[in-house]
Amino acid sequence: MKRQRKILGIIGAVLTLVIPFFLMLHNQNNHLETDQSLCPFKMLTGFPCPGCGITKSLVYFYEGDLYKSLYYHILGPFVVLFCVVTIFVLLAELFTKKEYFNGILYNKKLAYFLACFLICYQIVRITYFVENNTCDSILKESIWK
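So, a few notes on the structure that sits alongside this text.

Cut-off values and rules
- Residues numbered from 1 in each chain as written.
- Predicted model: local features only at pLDDT ≥ 70, side-chain atom pairs only at ≥ 80, totals over all residues.
- Heavy atoms only, no water.
- Helix = DSSP H or I, 4+ residues; strand = E, 2+ residues; numbered from the N terminus.
- Buried < 20%, exposed > 50% of the residue type's maximum accessible area, 1.4 Å probe, protein only.
- Areas by Shrake-Rupley, 256 points an atom, 1.4 Å probe, with all protein chains shown as cover.
- Lys, Arg positive; Asp, Glu negative; His and termini not counted.
- Charge placed at Lys NZ, Arg CZ, Asp CG, Glu CD.
- Core = buried A, V, L, I, M, F, W, Y, C linked by side-chain atoms within 4.5 Å.
- Contact = heavy atoms within 4.5 Å.
- Expected span 1.5 Å × (residues − 1).
- Salt bridge = Lys/Arg side-chain N within 4 Å of Asp/Glu carboxyl O.

**Remarks on the overall build of the protein**
Part 1 of the reasoning: Summing up its helical and strand segments, the protein has eight helices and zero strands in all.
Part 2 of the reasoning: In the protein, the succession of helices and strands from N to C terminus is α-α-α-α-α-α-α-α.
Part 3 of the reasoning: Its C-alpha atoms give the protein principal-axis dimensions of roughly 55 × 35 × 30 Å.
Part 4 of the reasoning: A total of 145 residues make up the protein; the buried ones form 28% of that total.
Part 5 of the reasoning: A total of about 10,300 Å² of accessible surface is found on the protein, and carbon and sulfur atoms cover 72% of it.
Part 6 of the reasoning: Seen as two clouds, the 14 positive and the 9 negative side-chain charges of the protein have centres 15 Å apart.

**Observations regarding the nonpolar core**
Part 1 of the reasoning: Ala13, Leu17, Ile54, Leu58, Val79, Val80, Cys83 and Ile87 together form the largest nonpolar core, which totals eight residues.
Part 2 of the reasoning: Mapped by element, the contributors of at least two residues to this core are α1 (2–25), α3 (54–62) and α5 (76–96).
Part 3 of the reasoning: Broken down by element, the residue count for this core peaks at four residues, all from α5.
Part 4 of the reasoning: Filtering out sequence-adjacent residues up to four positions away, Ala13 remains in contact with Cys83, Thr86 and Ile87.

**Overview of α1**
Part 1 of the reasoning: Helix length check: α1, at 24 residues, gives a terminal C-alpha distance of 35 Å against a target of 34 Å (1.5 Å per residue), a fit within 8%.
Part 2 of the reasoning: All of the buried residues in α1 are Lys6, Ile10, Ala13, Leu17, Pro20 and Met24.
Part 3 of the reasoning: Tucked into the core, α1 has its buried residues touching α3 and α5.

**Here's the deal with the pattern of salt bridges**
Part 1 of the reasoning: What the rule picks out here adds up to two salt bridges.
Part 2 of the reasoning: A salt bridge links Glu93 to Lys6; the shortest N-O distance between them is 3.3 Å. Here Lys6 lies in helix α1 and Glu93 lies in helix α5, a separation of 87 residues in the sequence. Residue Glu93 shares its accessibility class with Lys6, and that shared class is buried.
Part 3 of the reasoning: One salt bridge in this structure joins Lys6 and Glu99, with 2.9 Å as the shortest N-O distance. With Lys6 in helix α1 and Glu99 in the loop between α5 and α6 (102–105), this residue pair connects regions lying 93 residues apart in the sequence.
Part 4 of the reasoning: According to the relative accessible area criterion, Glu99 is partly exposed, its value standing at 39%.
Part 5 of the reasoning: Three or more residues joined by partner-sharing salt bridges are found here, namely Lys6, Glu93 and Glu99.

What follows is the structure, given as structure tokens:
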């Protein structure tokens, strides 16, 4: 069971890194900046969810544009780092049959800190979003255009 979870974790981390990479390869004319988001929350409300922008952030990180990467989501570059570390740690755990970093990964204080950070970040994002968009442009981001 633990082995399967580790393999699934590796697959998930690889997909998280690879999908934006392929999007970057096919981002002619920067179409990602203007394309409709596939986020169900944003499609329904017109407002970004806490995860909105991660994929675009990774695409621009791969392109070497750190400013744009952080603009789309402040955690984008950290997602790359987290996924790479996760892949290596889980591979090491599979080969050595030892557990590493369980105390950190299953730490409640860290989870609460990250949750509070995301809540605060989302409040700032929504405030900025509302200040810089009209009702019509917010509706344009949704399926209710």
